[in-house]
Amino acid sequence: MAYPTLENVLRILTLQDHNTRIVLAGACAFGVAAGLVGAFLLLRKRSLLGDTLGHATLPGVAIGFLIAYGTGIDPRSFLPLALGATLTSVAGIAALLLIRRFSTIKDDAALAIVLSVFFGFGVALLSAIQQLPGGFASGLEHLIYGSAATMSSTDTSFVLVSSLCIAVICIALFKEFSLLCFDEPYARSSGWPATALDLLLMSLVVWTTVVGIQTVGILLVVALLVIPPASARFWCDGMGAMATVSALCGGLSCLFGVFLSALFPKWPTGALIVLSAGAIFAAGLVFGPTRGILIRSIRTRREELKLRRDHMLRAVFECAENSSESVPLSQLLTKRPWSRRHVTSEIARLADRGLLTFSLSNDSVQLTTTGLSEARRLVRNHRLWELYLIQHAEIAPAHVDRDADRIEHVLSLRIVEELEDILDQRPHDRLVPRDPEKSHL
Amino acid sequence: MTTPPLQINSLNVSYHSKLVLWDVGVSIQPGRTTAIVGPNGAGKSTLLKAALGLIPASSGDISFYGGPLRKCRSRVAYVPQRESVDWDFPVNARDVVAMGLYRRIGWCLPVRSIHRRMADEALADVGMADFACRQISQLSGGQQQRVFLARALAQKADLYLMDEPFASVDAATEQAILAVLERIKNAGGTVVCVHHDLETVAQYFDDAVLLNMRIVAQGPVIDVMTPENLRKTYGARLALVDELETNLSSSIPARK
């Protein structure tokens, strides 16, 4: 493999080639449009449909090619191929709807059937084309794997105009599509034409797929509908933000892919674009600030630490409840299956925060005033929840939230009082500590 | 007599050629709260959905305020079952409530600050003012239910159709929903709830419709919730009915 020279790299990065500029503009516009449509497709849980549509364009492309060949138009010009592709992907949707209506086959199976049958038909047509004189078949191969480099300026203007239209429709109908994706029955009940909106969304998906054929190719076009919105979910929470980030991810993937393929002309553009999208996805998966692996493991770790702290505070409190206020370490060790090292390190942490004091002379710990009130709150909440689970077993599991600041935030005061009464009647060792907020009254 | 907010005559609905609702006739009285009660699979939710045209009816006649639903969409608000949507959707509580205003905002126009304020007011009505910016995935089940309720309230409708709003919610939510029902009623509105808990029907609602594929009885709870009718609705599950008999006889007079 030949590495590009420095001069070449500079020329491409500074967009000195007219060709690179055209290809880049077309590809990025497509990426942005696909990212926008894809956000809705993903949230509507129809990603697999996008894949099916992508594959269903293959026979259409072949048919478009054959018709153009037969009528004497240049068979490699994009428009007849795009028309054919649209036609067969619409036929694909129709086939799906028919299967859904007239059989009891589940959706995933129906999708797989349509995908494979249409693709098989396309492959058969392609082999027929390869036997035609004139050697046009290599042009078609570009469409399967994507070859942005062969985009002409007419093709680019088609891609640009289409992408713009798709983006404008997505932005204009942003709230309508969001509602459709979130809660279709409600949309219907409040009078939105949900079926028409759904069809429009699917048409946009078909349109995007056709636009993407030249850039990323039939097989991989679905990647740009699914990967950018999935990546966006790692970075943000709101619907508007997600659509924006998704569009951005789509645009960037195409940008990187096109640059890479300009540097390594032998590699198919589509594959490079999808690999770029995959890299962006992986980065989000690890570093994403809302749902990334890192942030999630930090959160889990923090919760573990809090739980350990709570356990230790409760243990000290429960030991002190029955005896003098100073608790020997040996007694703590019997409370839970803790190692001595765990206990001492946890005690050191709690002492640092001023929740308890440790005396070396008799190897024992004592809660400070703050520690005592915090521990009292914890033990009270814990025991009340425990009792609630027993008393109201039929409804309790849906409500128990041991982490809730105070049980009253979740349960009504009446139930809490009732639980407190029950606890009061129990033997003394299970008394509920008084509510720290009431204790000074 | 005033036109009933919802009048259903001889409604038949079938799923895959199995009849689910059988010649159902219901008349909902204005300014009152009505519970639709019946065993699992009795077609309670189906009745609401068919009335709203969400699932096709084989035959029957449905009128809202004396006309077809499309003539008075804005007067009717629907609260679907909480489980019917994916709560992992990237929106916050305020966004969901604002969906109740989309019709008023109209095609293609964005949600503006005045709508956000209206959404916040609706959230405050269900005691969720502090949660406006919370992601819906991070709300508890009861809080999610209240968000759904707030979305319907934001519509400022006259008739509210609610599908199991009391199903497995916490005590705070239960109180909030009851307060909302009371407020709707005081403003002259009408509420229809699918309800699963026989014990609370008499406490929470004015009227009841007993449904088990067909209508067993309808009218004021005091007349409808009789052991005789409940036996007809719930069939052989007599233990439950007998237990209720004692509860009901003590709870109804206490309320009146």
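Attention here is on the structure that accompanies the text. Note that the structure is predicted; figures quoted are calculated from it, not measured.

## Digging into the layout of surface pockets
Its boundaries defined by the atoms lining it, the largest pocket holds a volume of some 1500 Å³. A:Arg46, A:Arg100, A:Glu184, A:Arg188 and A:Asp198 are the residues nearest the centre of the largest pocket, which is lined by 41 residues in total. Contributions of two or more residues to the lining of the largest pocket are made by α3 (47-71), α4 (78-102), α5 (107-130), α8 (174-182), α9 (184-189) and α10 (194-216) of chain A together with β1 (6-15) of chain B. Counted by class, the lining of the largest pocket contains 22 nonpolar, seven polar and twelve charged residues.

## Quick look at the side chain of B:Asp206
Residues and elements named next belong to chain B. Tracing the backbone through its elements, the reader meets aspartate 206 in the loop between α7 (198-204) and β8 (207-212). Its relative accessible area of 13% is what places aspartate 206 among the buried residues. In this structure aspartate 206 touches Arg32, Thr33, Lys185, Pro220 and Val221, once residues within four positions along its chain are discounted.

## Some thoughts on the sheet that holds strand β2 (residues 356-359) of chain A
Residues and elements named next belong to chain A. Strand order in this open sheet of three strands is β1-β3-β2, and the pairing throughout is antiparallel. Of all strands in the sheet, those with a lone pairing partner are β1 (327-328) and β2, marking the two edges. Sheet topology note: the β1/strand β3 (residues 364-367) ladder contains two bridges and is antiparallel. Bridge pairing in β3 places valine 327 opposite valine 365.

## Some thoughts on helix α2 (residues 18-43) of chain A
It helps to recall that an α-helix has 3.6 residues per turn; residues three or four apart then point in one direction. Residue and element names in this part refer to chain A. Helix length check: α2, at 26 residues, gives a terminal C-alpha distance of 38 Å against a target of 38 Å (1.5 Å per residue), a fit within 8%. Of all 26 residues making up α2, 20 are buried, and the element is well covered by its neighbours. Just beyond α2, the residue with positive phi is lysine 45, at close to 60 degrees.

## Considering the interface of chain B and chain A
Taken together, the contact pairs 32 residues of chain B with 29 residues of chain A. Summed over both sides, the interface of chain B with chain A buries roughly 2800 Å², with 66% coming from carbon and sulfur. The tally of links from chain B across to chain A stands at four salt bridges. In this structure, B:Asp88 and A:Arg233 form a salt bridge, with 3.8 Å as the shortest nitrogen-oxygen distance. Counting the contacts that link chain B with chain A gives eleven residue pairs in polar contact (both at pLDDT 80 or more). Elements represented by at least two residues in the side of chain B that touches chain A include exactly α3 (102-105), α5 (141-154) and α6 (171-186) of chain B. With three residues, the single largest contributor to the side of chain B that touches chain A is α3(B). Its residues assigned to classes, the side of chain B that touches chain A comprises 21 nonpolar, five polar and six charged.

## A word on the pattern of salt bridges
Residue and element names in this part refer to chain A. Evaluation of the coordinates by the stated rule reveals 25 salt bridges over all chains. For glutamate 176, the salt bridge is made with lysine 175, and the minimal N-O distance between the two is 3.0 Å. In this structure lysine 175 comes out as buried when scored by relative accessible area, which is 6%. The network of salt bridges with common partners includes Arg44, Arg46, Glu184, Arg188 and Asp198.

## Some details on the packing of helix α11 (residues 221-235) of chain A against helix α13 (residues 269-287) of chain A
Residue and element names in this part refer to chain A. It is the contact of α11 with α13, at a shortest axis distance of 8 Å, that shows an interaxial angle of 20 degrees. The orientation of α11 with respect to α13, classified from their angle, is roughly parallel. In the crossing of α11 with α13, the sense of the turn from one axis to the other is left-handed. On α13, the residues touching Ala223, Leu224, Ile227, Ala230, Ser231, Phe234 and Trp235 of α11 are Ile273, Val274, Ala277, Gly278, Ile280, Phe281, Ala283, Gly284, Leu285 and Phe287. Here the residues of the contact of α11 with α13 sort into 14 nonpolar, three polar and no charged.

## Structural notes on the pairing of β1(B)
Residues and elements named next belong to chain B. One ladder, built from seven bridges, connects β1 with strand β2 (residues 18-28); its direction is antiparallel. Within β2, the position partnered with glutamine 7 by the bridge is serine 27. Counting the residues in the hairpin turn of β1 and β2 gives two residues, including histidine 16, whose phi is positive at 45 degrees. Here five bridges tie β1 to strand β4 (residues 59-64), and the two strands are oriented antiparallel to one another. Across the sheet, the residue bridging to glutamine 7 is serine 63, located in β4.

## Structural notes on the pairing of strand β6 (residues 159-163) of chain B
Residue and element names in this part refer to chain B. Counting buried residues in β6 gives five out of five residues, a clear majority hidden from the surface. Side chains Leu159, Leu161 and Asp163 project from β6 onto one buried face, and the interleaved Tyr160 and Met162 project onto a second face that is buried too. Where strand β5 (residues 76-79) lies against β6, four bridges are found, and the strand directions are parallel. When the bridges of β6 are listed, tyrosine 78 appears paired with leucine 161. Examined bridge by bridge, β6 and strand β7 (residues 190-195) share five bridges and lie parallel to one another. Its bridge partner being in β7, tyrosine 160 is matched across the sheet by valine 191. For the crossover from β6 across α6 to β7, the handedness is right-handed.

What counts, and at which threshold
Residues numbered from 1 in each chain as written. Chains lettered and ligands numbered in written order. Predicted model: local features only at pLDDT ≥ 70, side-chain atom pairs only at ≥ 80, totals over all residues. Heavy atoms only, no water. 1 Å grid on protein atoms, 1.4 Å probe; cavity = no way out; pocket = protein on both sides within 12 Å on 5 of 7 lines; lining within 4 Å. Points joined across faces, edges and corners; volume = space filled by probe spheres on them. Helix = DSSP H or I, 4+ residues; strand = E, 2+ residues; numbered from the N terminus. Nonpolar A, V, L, I, M, F, W, Y, C, P; charged D, E, K, R; others polar. Buried < 20%, exposed > 50% of the residue type's maximum accessible area, 1.4 Å probe, protein only. Contact = heavy atoms within 4.5 Å. Pairing = 2+ DSSP bridges. Expected span 1.5 Å × (residues − 1). Buried area = accessible area lost by both parts, 1.4 Å probe. Salt bridge = Lys/Arg side-chain N within 4 Å of Asp/Glu carboxyl O. Polar contact = N/O pair within 3.5 Å; in protein donor to acceptor, adjacent residues only side chain to side chain. Axes fitted to C-alpha atoms, helices over the stretch in contact; angles between N-to-C directions. Parallel < 35°, antiparallel > 145°, perpendicular 65-115°, else oblique. Left-handed = near helix turned anticlockwise from the far one by under 90°. Right-handed = clockwise from strand over helix to strand, strands pointing away.

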